[in-house]
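A structural walkthrough
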Amino acid sequence: MNNVKTYDTIEQLNISSERILPAAPFPHEYVHCIFDTLEDAAQAVLALRAAGYDAGNIHLMASWDFAEAIERKNQRQESLAQSLTHFFSSMDFNINDAYLHEARRGRHILAVHVVNYEQVRQVSDLLAKHHAQLVKYVDVWTVAHLVP
């Protein structure tokens, strides 16, 4: 794919540039992963869309925006109640740290909502074809590391 076409494809995708996280940055029932390049991430998004996944269930955030959004969120969590809530949701905290570390290294974050195990496998396999790394399924009580 030439650079102009790749850039146009990326521009057409809904890549966050607001540096604001969704209400739940690590929502449950999602497959999360990282990409080294926005081009690979864009191709993965297009493949997900072609496989029938709704654009509203696919969230791609550029590394610099993700890192800034997480840092802002962490700075805002000042009250005791928020600190206790964050402490008890250590699963989200550990994921937060891992993906923040990768975003600081220039990697881009993608999350895809899934509704059953068949979709978890399908999404994981599809993402692997586009060079996704650190692929995890996050559910209410578990985090599963997915190896395609």
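You'll find the structure just up there.
Residues numbered from 1 in each chain as written. Predicted model: local features only at pLDDT ≥ 70, side-chain atom pairs only at ≥ 80, totals over all residues. Heavy atoms only, no water.

1. Some details on the overall build of the chain
The number of helices and strands found in the chain is six helices and six strands. Ordering the α and β elements of the chain from the N terminus gives α-β-β-α-β-α-α-α-β-α-β-β. Every one of the 148 residues in the chain was classed for burial, and the buried ones make up 41%. The long-range share in the chain, meaning contacts at least 24 apart out of those at least 6 apart in sequence, stands at 81%. (Helix = DSSP H or I, 4+ residues; strand = E, 2+ residues; numbered from the N terminus. Buried < 20%, exposed > 50% of the residue type's maximum accessible area, 1.4 Å probe, protein only. Contact = heavy atoms within 4.5 Å.)

2. So, the nonpolar core
Counting 22 residues, the largest nonpolar core has Val31, Phe35, Leu48, Leu110, Val123 and Leu127 as the members making the most contacts within it. Looking at this core, the elements that each hand over two or more residues are β2 (30-35), α2 (38-50), β3 (58-61), β4 (108-113), α6 (117-129) and β5 (133-138). By size, the runner-up hydrophobic cluster in this structure holds 10 residues, among which are Phe66, Ile70, Tyr99 and Ile109. (Core = buried A, V, L, I, M, F, W, Y, C linked by side-chain atoms within 4.5 Å.)

3. Quick look at α6
Because each turn of an α-helix spans 3.6 residues, side chains separated by three or four positions in sequence point in the same direction. The end-to-end C-alpha distance of α6 is 19 Å, a good match for the 18 Å that 13 residues give at a rise of 1.5 Å each. Buried residues of α6: Val120, Val123, Ser124, Leu126 and Leu127, and no others. Buried residues in α6, looked at end-on, bunch into an arc of 170 degrees, giving them a common side. Seen from the open side of α6, the exposed residues pointing more than 90 degrees away from its buried face are Glu118 and Lys129. On the buried face of α6, the contacting elements are β2, α2, β4 and β5. Structurally, the start of α6 carries an N-cap: the backbone nitrogen of Glu118 is 3.2 Å from a side-chain oxygen of Asn116. (Expected span 1.5 Å × (residues − 1). Arc of directions from axis to C-beta. Polar contact = N/O pair within 3.5 Å; in protein donor to acceptor, adjacent residues only side chain to side chain.)

4. Concerning the pairing of β2
Of all six residues in β2, six are buried, a share of seventy percent or more. Residue alternation in β2 divides its side chains into two sets, Tyr30, His32 and Ile34 and Val31, Cys33 and Phe35, and both sets are buried. Alignment of β2 against β5, held across four bridges, turns out to be antiparallel. Bridge pairing in β5 places Ile34 opposite Gln133. (Pairing = 2+ DSSP bridges.)

5. A word on the side chain of Lys136
With respect to the helices and strands, the residue Lys136 is situated in strand β5. Apart from the residues lying within four places of it in its own chain, the contact partners of Lys136 are Tyr30, Val31, His32, Tyr99, Val143, Ala144, His145 and Leu146.

6. So, α2
Its 13 residues place the ends of α2 18 Å apart at the C-alpha level, agreeing with the 18 Å of an ideal helix rising 1.5 Å per residue. Among the residues making up α2, those that are buried are Leu38, Ala41, Ala42, Ala44, Val45, Ala47 and Leu48. Gly52 lies just past α2 and shows a positive phi near 105 degrees.

7. Here we look at the pairing of β5
Sheet topology note: the β5/strand β6 (residues 143-145) ladder contains three bridges and is antiparallel. Note that in β6 the partner of Val138 across the bridge is Val143. Here β5 folds back onto β6 in antiparallel fashion, the turn holding four residues.

8. A few points about the pattern of salt bridges
In the structure shown here, the tally under the stated rule is four salt bridges. The salt bridge partner of Asp125 is Arg121, with a shortest N-O separation of 3.5 Å. Residue Asp125 and its partner Arg121 are both found in helix α6; the two are separated by four residues, about one turn of the helix. In this structure Arg121 comes out as partly exposed when scored by relative accessible area, which is 25%. (Salt bridge = Lys/Arg side-chain N within 4 Å of Asp/Glu carboxyl O.)

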